[in-house]
Each structure stands twice: as C-alpha cells, then as structure tokens.
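# Fold and geometry: a report
Here are the chains, one letter per residue:
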Amino acid sequence: MTFSLIGRCERSGMIGFAGATSELAGGGRFPHAKAQTGAVITQALTNPYLGHLGIKLLELGYAPHKVLDDLVASDTHIEYRQIGGMDRFGRTAARTGTSNLDVAEHINEKNLISLGNRCNEGVVAAIAEGFRMSIDEDLEERLMRALEAGRDAGGQRDMDQNISVLKVYDRDELARVDLRVDWHKVDAIAELRSYLDRFVPLIPYYSERPLNPTVGYREWLEARGIAYDDWLQG
C-alpha cells in the first residue's frame with residue numbers, strides 16, 4: 001500500500017525520492033539513494049536488502065536495467081516486490097511483480113519513476129504528471145508536488161497515508177533534504193509539506209554551518225528578513 005517516485009533534475013543533476021505508505025516508519029525501509037550514484041525503491045512486501053544491493057551495483061557502474069536483472073535474480077520472492085532504480089544520468093528501470101495487489105503499476109522514463117501498489121486508479125499517472133508539470137521548481141518541491149498529486153488523485157486504496165518521506169541529494173555525500181514523517185493518524189503528506197516549507201529557507205544555512213559554526217539558525221533567518229516567530233508558526 002505504497003506510492004512513490006524517484007526523480008532527477010536535468011539542470012542540476014540532483015536526485016531524490018518521495019513516498020507515502022501506511023506502515024510505521026516505512027520511510028526508513030523502502031527508499032535508498034546515494035549522491036552522485038542513484039536511487040532505488042523497493043516496495044510492496046518490501047525487501048530492504050534489495051535497495052542496498054541496488055545502490056552497490058549502481059556504484060559499480062551497472063546500468064539500471066542490469067541492476068534490475070540482478071535484483072530479480074537474487075530474490076526468490078520477487079513477484080511480491082515493486083522495484084525501481086535510477087542512475088546519476090537519469091536512466092531508469094522498473095518492475096511490478098505479478099503478486100502485487102491492484103492497482104499496481106509503474107511509469108519509468110528519463111529522470112522519473114512513479115510506482116504504486118494497492119492504490120486507486122490514476123494515482124501513478126498523477127504522480128508522474130505532477131513531477132513533469134513542475135519542471136521549473138527545485139527538485140524537493142517537484143517531488144513534494146508529485147506526492148501531493150498522488151494523494152489528491154485518491155492515494156492508497158481504503159487506507160490513510162500514515163507515513164511519508166522525502167530525500168534529495170546534490171553533489172555532497174550528505175543529503176540536501178532529508179525529511180520523514182514516521183506516523184500521522186490521517187495525512188502524513190500534509191505534515192511532510194509543513195516540514196518542507198519550514199526547512200527550505202534553511203537549506204543554505206545547513207550547507208554553510210560546517211564552515212561557520214558561530215551563527216545560529218534564528219539569527220541566520222532574521223539576517224535574511226525572515227522573522228523567526230513567523231517561521232516557527234509555519
């Protein structure tokens with residue numbers, strides 16, 4: 001009962017993923033990524049080891065279709081999985097196992113993989129279109145809009161979106177954005193949106209702080225005309 005996407009920005013080369021499901025803390029299990037390498041999502045009845053293996057294969061220079069072939073060959077329960085992988089060039093490959101619950105499908109194209117299982121009809125297409133239509137935005141905003149589009153198209157079948165995750169890598173080994181909602185009773189995607197809107201102004205701050213540890217984020221915000229109390233209220 002998961003819908004997700006991997007996306008890449010053609011302009012910047014940034015890569016990331018976003019997703020929602022109903023399992024507690026699921027954002028720590030189904031998506032995997034590494035800067036300047038790529039991303040892998042393994043969902044449905046998840047085998048997180050496939051994600052770790054996929055990243056290792058991408059590091060070795062395997063093309064996504066070859067990574068997918070090796071993941072399929074390594075898992076005797078592969079028909080219960082839904083897998084997508086993208087390399088740092090935006091090349092993609094994806095697979096939906098035959099034992100996934102309907103609606104289970106995927107879309108993969110250059111710079112985009114959209115996946116869903118036990119979703120309402122049209123959700124996977126809505127995710128992909130939400131990503132395509134926001135091409136002028138930064139990658140984290142594009143991923144967020146795509147996830148919101150999936151929710152608004154119906155989301156998971158007969159379930160709430162209780163967890164959500166969004167992660168983006170630029171050139172640095174540390175993630176540019178790394179946000180998770182591990183449990184929300186009703187709409188973890190709305191909660192993730194509130195986190196992202198509050199975090200985005202601080203992206204340059206957290207990039208700068210390793211070299212300038214004397215400035216707190218409150219002072220940093222206010223020096224740029226952002227009132228701390230307003231930021232705190234979201």
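Scroll up a little and you will see the structure.
## As for the layout of surface pockets
Approximately 380 Å³ is the volume attributed to the largest pocket. The set of elements that each furnish at least two residues to the lining of the largest pocket consists of β10 (177-181) and α6 (203-208). Per-class residue counts for the lining of the largest pocket are seven nonpolar, one polar and five charged. Counted as a void, the second largest pocket has a volume near 330 Å³. In terms of lining residues, the second largest pocket is bounded by 18 residues, among which M1, E23, A44, L45 and N117 are the most central. Here the residues of the lining of the second largest pocket sort into six nonpolar, nine polar and three charged.

## So, the pattern of salt bridges
Two side chains that carry opposite charge are able to pair once their charged atoms sit near each other. In this structure the tally under the stated criterion is 23 salt bridges. The salt bridge partner of D75 is R81, with a shortest N-O separation of 2.8 Å. For the residue pair D75 and R81, the accessibility class agrees, reading buried in each case. Here D187 makes a salt bridge to R151, at a shortest N to O gap of 3.1 Å. Residue D187 is found in the loop between β10 and α5 (188-199), and its partner R151 is found in helix α4 (residues 139-152); the two are separated by 36 residues along the sequence. The class of D187 is buried, set by a relative accessible area of 19%.

## Examining the side chain of S164
Residue position: S164 is located in strand β9 (residues 163-169). Those residues within four positions of S164 in sequence are excluded, and the remaining contacts are G19, A20, L179, R180, V181, A188, I189 and L192.

Scoring rules and cut-offs
Residues numbered from 1 in each chain as written. Predicted model: local features only at pLDDT ≥ 70, side-chain atom pairs only at ≥ 80, totals over all residues. Heavy atoms only, no water. 1 Å grid on protein atoms, 1.4 Å probe; cavity = no way out; pocket = protein on both sides within 12 Å on 5 of 7 lines; lining within 4 Å. Points joined across faces, edges and corners; volume = space filled by probe spheres on them. Helix = DSSP H or I, 4+ residues; strand = E, 2+ residues; numbered from the N terminus. Nonpolar A, V, L, I, M, F, W, Y, C, P; charged D, E, K, R; others polar. Salt bridge = Lys/Arg side-chain N within 4 Å of Asp/Glu carboxyl O. Buried < 20%, exposed > 50% of the residue type's maximum accessible area, 1.4 Å probe, protein only. Contact = heavy atoms within 4.5 Å.

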